[in-house]
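Commentary on secondary and tertiary structure
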Amino acid sequence: MRLVCTEIEWADAYGDYLIAFEGESGKVYRCVIGPRYFPVLLGQGLLAIEKDYAEYEQ
């Protein structure tokens, strides 16, 4: 799928980072990633990436 990270910002309202990825087709995916000091857990937004990845692999 070759996603490229295009934007990262801290969101006080969520207590996590908001991160954006752009795919080869130009589609932009946005996710919440946390926790604050070791952000490795993708949260809201991950399902859209997983869905498109499943279609991409077919």
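Definitions and limits used
- Residues numbered from 1 in each chain as written.
- Predicted model: local features only at pLDDT ≥ 70, side-chain atom pairs only at ≥ 80, totals over all residues.
- Heavy atoms only, no water.
- Helix = DSSP H or I, 4+ residues; strand = E, 2+ residues; numbered from the N terminus.
- Buried < 20%, exposed > 50% of the residue type's maximum accessible area, 1.4 Å probe, protein only.
- Contact = heavy atoms within 4.5 Å.
- Pairing = 2+ DSSP bridges.
- Patch = residues over 30% accessible without salt bridge, like charges linked within 9 Å, V, L, I, M, F, W, Y side chains within 5 Å.
- Areas by Shrake-Rupley, 256 points an atom, 1.4 Å probe, with all protein chains shown as cover.
- Salt bridge = Lys/Arg side-chain N within 4 Å of Asp/Glu carboxyl O.

1. A closer look at the side chain of Asp-52
By the secondary structure assignment, Asp-52 is in helix α1 (residues 46–57). Judged by relative accessible area, Asp-52 falls into the buried class, the value being 14%. Setting aside its immediate chain neighbours within four residues, Asp-52 contacts Met-1, Lys-27 and Tyr-29.

2. Notes on the environment of Asp-16
One can find Asp-16 in strand β2 (residues 16–22). Distance from Asp-16 to Arg-36, taken between C-alpha atoms, is 5.7 Å for residues 20 residues apart in sequence. With sequence-adjacent residues up to four places away left out, Asp-16 is seen in contact with Glu-9, Trp-10, Ala-11, Val-32, Ile-33, Gly-34 and Pro-35.

3. Quick look at the pairing of β2
As paired strands, strand β1 (residues 4–11) and β2 are joined by seven bridges and run antiparallel to one another. Bridge assignment links Cys-5 to a residue of β2, and that residue is Phe-21. What sits between the antiparallel neighbours β1 and β2 is a turn of four residues, in which Gly-15 has the positive phi angle 75°. In the sheet, β2 pairs with strand β3 (residues 28–34) via six bridges, with the strands oriented antiparallel. Of the residues in β3, the one forming a bridge with Tyr-17 is Ile-33.

4. Structural notes on a nonpolar patch on the surface
Together, Phe-38, Val-40 and Leu-41 give the surface a local cluster of nonpolar side chains, amounting to about 340 Å² of exposed area. Along the chain, Phe-38 falls in the loop between β3 and β4 (41–42). The exposure class assigned to Phe-38 is exposed, which follows from its relative accessible area of 60%.

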